[in-house]
Amino acid sequence: MSPTYSKTVTITVKGLVQGVGFRPFVYSCAWKLGLVGTVANSGRGVEIIVGGKDSVVNVLVQQLKREAPPLARVDAVVVKPSGDMFLGDSFCIIDSSLTANTTFIPPDAATCQECLEEIFSPDDRRYLYPFTNCTNCGPRLSIIRKIPYDRPDTSMDSFTMCAQCAEEYADPANRRFHAQPNGCPQCGPTLRWLDNLGSVVCGDSNESLRCCARALGQGEIVAVKGLGGFHLVVDGSNASSVKRLRSLKNRPGKPLALMAPSLKAAKTIGRFNEPASRLLSSVERPIVLVPKKDNTVLSREIAPGIDEIGIMLPYTPLHHLLFALPECPQFLVMTSGNPTGEPLCTGNDEALARLGTIADFFLIHNREIMTRQDDSVARITRGREQLIRRARGYVPRAVAVAGIPGSMLGCGAEMKNCFALTRAGQVFLSQHIGDLKNAASLDFFEHTIQKFQHLLGIRVQKVACDLHPDFLSTRYGKSLDLPLQQVQHHHAHAGAVMAEHGLASGIGVIFDGVGLGLDGTIWGGEILQLDKSSCTRVAYLRPFQLPGGDVATREIWRIGIALAKESGLDPAGIPRAFYRQHSVDSTKTEQIWQLLDRNINAPICTSVGRLFDGVASLLGVRHECSFEGQAAMEMESLARQFDHSGEAAVSADNVACFVENSSAGGAAIDFVPLVHKLMAEQEQGKDVAELCCIFHLWLVEATCRVVSRIALQAADVGEKNDTIVLGGGCFQNRLLLGWMTERLEAEGWKVYTGEQVPVNDGGLALGQLYIASLQENLAHK
């Protein structure tokens, strides 16, 4: 039989187009346009064979590019002639033939507007149902057991669909067509309300939610099972409840995230510009860091000493229904459901065992969580999204990196660990694993590597890891007995930014906590000359000692003393305020001074992160830290309180910004003149906020001068580069990043930093893979 249409083509749509309602979307478009043919999932994406008039087929192609479903991401639409073939007289969805090696797994997605309308419509059969979802929203990665992404291979396999749900699932015109988590009150997951001994108090879903709202209103701590794990939840305006949660969880100072019922409510406690509002309301629903407002209903214990607050909006029907109950507090603290330093709880029995001494009650459900995921954290910096923690909503979305080979594993760092796997041209960063400091975290790390290899169809053949021999991630990489490339920590930080933005060369300004340097010392304030796979350390922060090693990262008064000694002060020259505010007596000072003199357990470092700590101690900001970056965050908040356009501006006349250090072969950013200035100003009674502002401005000024000097030296030998890469955890500091970027751009530099990939150690695995692949390519030439 001859075809009755003028054009037949095969259209391959590549990207995140499976598990997101793309085939029903194609079916609907083709049916409305009167085209014939088929659509199916394939190993390459979504494959469409279509026949019809040339102009009409072209309309379909444009719709595929411009009108894709909300969860889809179209990377490419490839159209090829198919020759003469008979496609029948209709358009239909046919069975898929999938292979793992090119399949994308969609991230979990926030509840869509259509599902929200259903759960609040009394006449709808999903009225008040806390697990409502469709192809445009709901769980994805968190329920997948194995591929292909079909219901029998998810944690929904134990829930047999009722007749109505099965009809929706099979109807290509329904938005629940092949929605694997589909269910309803008659056939889907349910809630239960338990006490902290595991006894069932209520087995009805709706009443369990009401029990939860009442308990939160009465000041109780509730462990709530969500998409990727448990949250520990309390009333955000109840100071005693927040204090009790901090005490029981052993989290004395680290900021706590809040959930607000709506964007309107969020704006009463935080300052949102338009980009931040869009990010807060996005389908990814991250925790968004924004300036906090004064004099709100919130407890001061939410983020003590810090002028930012982390807020997220509801992203599951359960959250929306909870806030709709009159007994529920207006703002809820929702922090990760785990003892501090351990992985997130996902199982019901596990949560009762590990959280029973923290939570008063448990709101649980019977849908198994297959992949644990923390909430993602992001902020808007200079109008652009900057991810701080990459997890729910973003993982396992790929990062496109041209030229990177497949089958590689990047093991990441020890702190804020994320690993990464590659396919050709693509890097898949894992969700936030956490700090690899214990057996439970290591087990989570190893298990997730194995699972992601299976889900993504990747068999690791080469490994990249950090230089530090004692990192558990490094030990794991070495244990695989595969070809291994170790990448220096700060080179990897630069590599992560280069990979994200497609850069081949530049000057890297890498400021972070600590990382093992090529010379065996602790680095963390580095300026690197970057050229494809090579890296030359051309400048750095003036070295100083860390008395007590790792102990100094918690007892930061030790670093204050070390900075004073390095600056040529004696114990009597340290401001009296240091002793008065920190209760550090002269005996302790003398003991540390002797350790430094004798170089006993006092390793050398060039860390900007530790410089922040030491200066914070000398200025009386704080004496000890309960979490990494605490002192720096408080210094940033104080600096923002002061008008930096006033007397705090640093000039060449009052601070010498760098010195030559010929013995080390590069320029050093010298903090000694700054320390003297700060000590003198403090003795004269200058406000600590102004001094914190001076410190930030000095760091920007000093860095820019060294960068300019390096550029001039390069120009003298005929080399020119206009690219700056800002990397490392210190550039999570919004003030430092903003001022540094503005200053460098004003001098004509093109400045890049981490955006969709964290600038902290959470992006390190990407940098390890990028640098290792460049070095491998060079070796093969």
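So, here's what we can say about the structure. As the structure is a computational prediction, the values presented were derived from the model and not from experiment. Residue positions are given per chain, counted from 1 along the sequence in the order it is written. Reporting of local features is limited, given that this is a predicted model, to residues whose pLDDT is at least 70; pairs of side-chain atoms are given and counted only at 80 or more, and all residues count toward the totals for whole chains, interfaces and linings. Where side-chain values are given, they derive from all heavy atoms of the structure, hydrogens and water being excluded.

## What to know about the pattern of salt bridges
And step 1. In what follows, salt bridge is the name for a side-chain nitrogen of Lys or Arg lying within 4 Å of a carboxyl oxygen of Asp or Glu. Inspection of the entire model under this criterion finds 44 salt bridges.
And step 2. Across the salt bridge formed by Glu745 and Arg382, the nearest N and O atoms sit 3.1 Å from each other. Within this pair, whereas Glu745 is found in helix H21 (residues 734-746), its partner Arg382 is found in the loop between strand E15 (377-381) and strand E16 (384-389), the two being separated by 363 residues in sequence.
And step 3. The salt bridge partner of Arg640 is Glu636, with a shortest N-O separation of 2.8 Å. Here Arg640 pairs with Glu636, and both are found in helix H18 (residues 630-641), just 4 residues apart, close to one helical turn.
And step 4. Classification of residues uses two cut-offs on accessible area relative to the type maximum, computed with a 1.4 Å probe and protein chains only: under 20% is buried, over 50% is exposed, and between them is partly exposed. Given a relative accessible area of 25%, Arg640 falls into the partly exposed group.
And step 5. Among the charged side chains, a network of salt bridges with common partners joins Glu114, Glu118, Arg175 and Arg176. Each helix is a run of DSSP H or I of at least 4 residues and each strand a run of E of at least 2, with the numbering of both proceeding from the N terminus.

## Looking at the packing of aromatic side chains
And step 1. The pairing test for Phe, Tyr and Trp rings, Trp by its six-membered ring, is centres within 6.5 Å, and the orientation test on the planes gives stacked under 30 degrees, edge-to-face over 60, and tilted for anything in between. Scanning the entire structure with this criterion turns up 10 aromatic pairs.
And step 2. Taken together, a centroid distance of 5.6 Å and an interplanar angle of 90° make the contact between Phe544 and Phe671 edge-to-face. Note that Phe544 is positioned in strand E26 (residues 544-545) and Phe671 in the loop between strand E29 (666-669) and helix H19 (672-683), a separation of 127 residues in sequence.
And step 3. Under the relative-accessibility criterion, Phe544 is labelled buried at 1%.
And step 4. Between Phe695 and Trp698, the ring centres sit 5.9 Å apart and the planes meet at 35°, which makes this aromatic pair tilted. Placement of both Phe695 and Trp698 in helix H20 (residues 688-716) is noted, with a separation of 3 residues, approximately one turn of the helix.
And step 5. What makes Trp698 buried here is its relative accessible area of 0%.
And step 6. For the cation-ring pair, Arg372 lies above Phe444, with the distance from its terminal atom to the ring centre recorded as 4.7 Å.
And step 7. In this structure, Arg392 is placed above the aromatic ring of Tyr315, and the distance from its NZ or CZ to the ring centre is 3.6 Å. By definition, being over a ring means that NZ of Lys or CZ of Arg is both within 6 Å of the ring centre and within 35 degrees of the ring normal.

## Considerations on helix H8 (residues 274-281)
And step 1. Taken together, the buried positions of H8 are occupied by Ala276, Ser277, Leu279 and Leu280. Along the axis of H8, the buried residues cluster in a sector spanning 165°; they form a single face.
And step 2. Structurally, H8 contributes buried residues whose contacts are with helix H7 (263-266), strand E11 (287-291), strand E12 (308-312), E15 and E16.
And step 3. N or O atoms closer than or at 3.5 Å make up a polar contact, with two conditions inside protein: a donor-capable atom paired with an acceptor-capable one, and, for residues adjacent in sequence, both atoms drawn from side chains. N-cap assignment for H8: the residue whose side-chain oxygen lies 2.8 Å from the backbone N of Ala276 is Asn273. The reported arc concerns the directions from the helix axis to the C-beta atoms and nothing else. Contacts are assigned to residue pairs that have any heavy atoms within 4.5 Å of one another.

## Some details on the sheet that holds strand E4 (residues 73-81)
And step 1. Taken together, 5 strands build an open sheet; the order of strands is E4-E1-E3-E2-E5 and the sheet is mixed. Looking at strand neighbours, the two that pair on one side only are E4 and strand E5 (91-93), the edges of this open sheet. Between one strand axis and the next, the sheet turns through 15° on average, direction left out of account.
And step 2. Orientation is described by axes fitted as lines to C-alpha atoms, over the contacting stretch for helices, and by angles from 0 to 180 degrees between their N-to-C directions. Across the sheet, helix H1 (residues 22-33) lies against strand E1 (7-16), strand E2 (36-42), strand E3 (45-52), E4 and E5, angled at about 170° from E5, the strand it touches most.
And step 3. Here helix H2 (residues 54-66) sits on the sheet and contacts E1, E3 and E4; the angle it forms with E1, its principal contact strand, is near 0°. Pairing between strands is defined by DSSP: at least two bridges between them are needed.

## A few points about the packing of helix H14 (residues 557-566) against helix H17 (residues 608-618)
And step 1. Packing of H14 against H17 leaves a shortest axis separation of 7 Å and a crossing angle of 90°. Between H14 and H17, the angle falls in the class roughly perpendicular. Of the residues in H17, those in contact with Trp557, Ile559, Gly560 and Leu563 of H14 are Arg610, Leu611, Asp613, Gly614, Val615, Ser617 and Leu618.
And step 2. Looking at the contact of H14 with H17, its residues break down into 6 nonpolar, 3 polar and 2 charged. Reported orientations rely on four angle classes, namely roughly parallel under 35 degrees, roughly antiparallel over 145, roughly perpendicular from 65 to 115, and oblique for the rest. By the convention adopted, Pro, Cys, Tyr, Trp, Phe, Met, Ile, Leu, Val and Ala count as nonpolar, Lys, Arg, Asp and Glu as charged, and the other residues, Gly among them, as polar.

## Observations regarding the sheet that holds strand E18 (residues 408-410)
And step 1. In space, the 6 strands of this open sheet follow the order E17-E20-E19-E18-E21-E22, with mixed pairing throughout. This sheet does not close on itself; its edge strands, each paired only once, are strand E17 (398-400) and strand E22 (484-487). Adjacent strand axes in the sheet meet at a mean angle of 25° when their direction is disregarded.
And step 2. Taken together, the 2 bridges between E18 and strand E19 (residues 420-423) define a ladder with antiparallel strand orientation. Counterpart to Leu409 in the pairing with E19 is Leu421.
And step 3. Together, E18, E19 and strand E20 (426-429) form the strand contacts of helix H11 (residues 439-456), whose direction differs from that of E19 by roughly 20°.
And step 4. Against the sheet, helix H12 (residues 472-479) contacts E18, strand E21 (462-466) and E22, and its axis sits at roughly 160° relative to E22.

## Considerations on the side chain of Thr10
And step 1. With respect to the secondary-structure elements, Thr10 resides in strand E1.
And step 2. Among the polar contacts made by the side chain of Thr10, one reaches the side chain of Ser82 at a distance of 2.6 Å.
And step 3. Those residues in contact with Thr10 that sit more than four places away from it in its chain are Glu47, Ile48, Ile49, Val78, Val79, Lys80 and Ser82.

## What to know about the pairing of strand E8 (residues 222-225)
Two faces, one strand: in a regular strand the side chains alternate between the faces of the sheet.
And step 1. Residues Val222 and Val224 of E8 are buried on one face, and the alternating residues Ala223 and Lys225, pointing to the opposite face, are buried as well.
And step 2. Where E8 and strand E9 (residues 230-235) come together, 4 bridges link them in antiparallel fashion. When the bridges of E9 are listed, Lys225 appears paired with Phe230.
And step 3. As paired strands, E8 and strand E14 (residues 361-365) are joined by 3 bridges and run parallel to one another. Bridge pairing links Ala223 to Phe362 in E14.

## Considerations on empty space enclosed by the protein
And step 1. Only protein atoms enter the calculation, which uses a 1 Å grid: trapped sets of points that fit a 1.4 Å probe without letting it out are cavities, open sets showing protein on both sides within 12 Å along at least five of seven lines are pockets, and any residue with an atom within 4 Å of a point is a lining residue. Grid points are joined across faces, edges and corners, and a volume is the space filled by probe spheres set on the points. If you walk through the whole model with that rule in mind, you get 2 cavities of 30 Å³ or more.
And step 2. Taken as a whole, the largest cavity spans an internal volume of roughly 150 Å³.
And step 3. What lines the largest cavity is a set of 18 residues, and nearest its centre among them are Pro130, Leu227, Thr316, Pro317 and Arg367.
And step 4. Looking at the lining of the largest cavity, the elements that each hand over two or more residues are E8 and helix H9 (317-324).
And step 5. It is H9 that contributes the most residues to the lining of the largest cavity, 3 residues altogether.
And step 6. Considering only residue class, the lining of the largest cavity consists of 8 nonpolar, 8 polar and 2 charged.

## Let's talk about unusual backbone geometry
For residues besides glycine, phi is generally negative; the peptide bonds are generally trans as well.
And step 1. A cis amide bond, omega 10°, links Val395 with the succeeding residue Pro396.
And step 2. Examined against the element boundaries, Pro396 turns out to sit in the loop between E16 and E17.
And step 3. The backbone of Asn295 shows a phi angle near 55°, a positive value even though the residue is not glycine.
And step 4. By secondary structure assignment, the location of Asn295 is in the loop between E11 and E12.
And step 5. One non-glycine residue, Asn599, adopts positive backbone phi at about 55°.
And step 6. Locating Asn599 in the fold gives a position in the loop between helix H16 (586-598) and strand E27 (604-605).

## Notes on helix H5 (residues 205-217)
And step 1. Working rule for helices: expected span equals 1.5 Å times residues minus one. Taking 1.5 Å of rise per residue, the 13 residues of H5 would be expected to cover 18 Å, and the 19 Å separating its terminal C-alpha atoms lies within 8% of that figure.
And step 2. Buried within H5 we find Ser205, Ser208, Leu209, Cys211, Cys212, Ala213, Ala215 and Leu216.
And step 3. N-capping of H5 is provided by Asp204, with a side-chain oxygen placed 3.2 Å from the backbone N of Asn206.
And step 4. One or two positions beyond H5, positive phi appears at Gly219, with a value near 90°.

In short, the description is geometric, and any link to function would need to be established separately.
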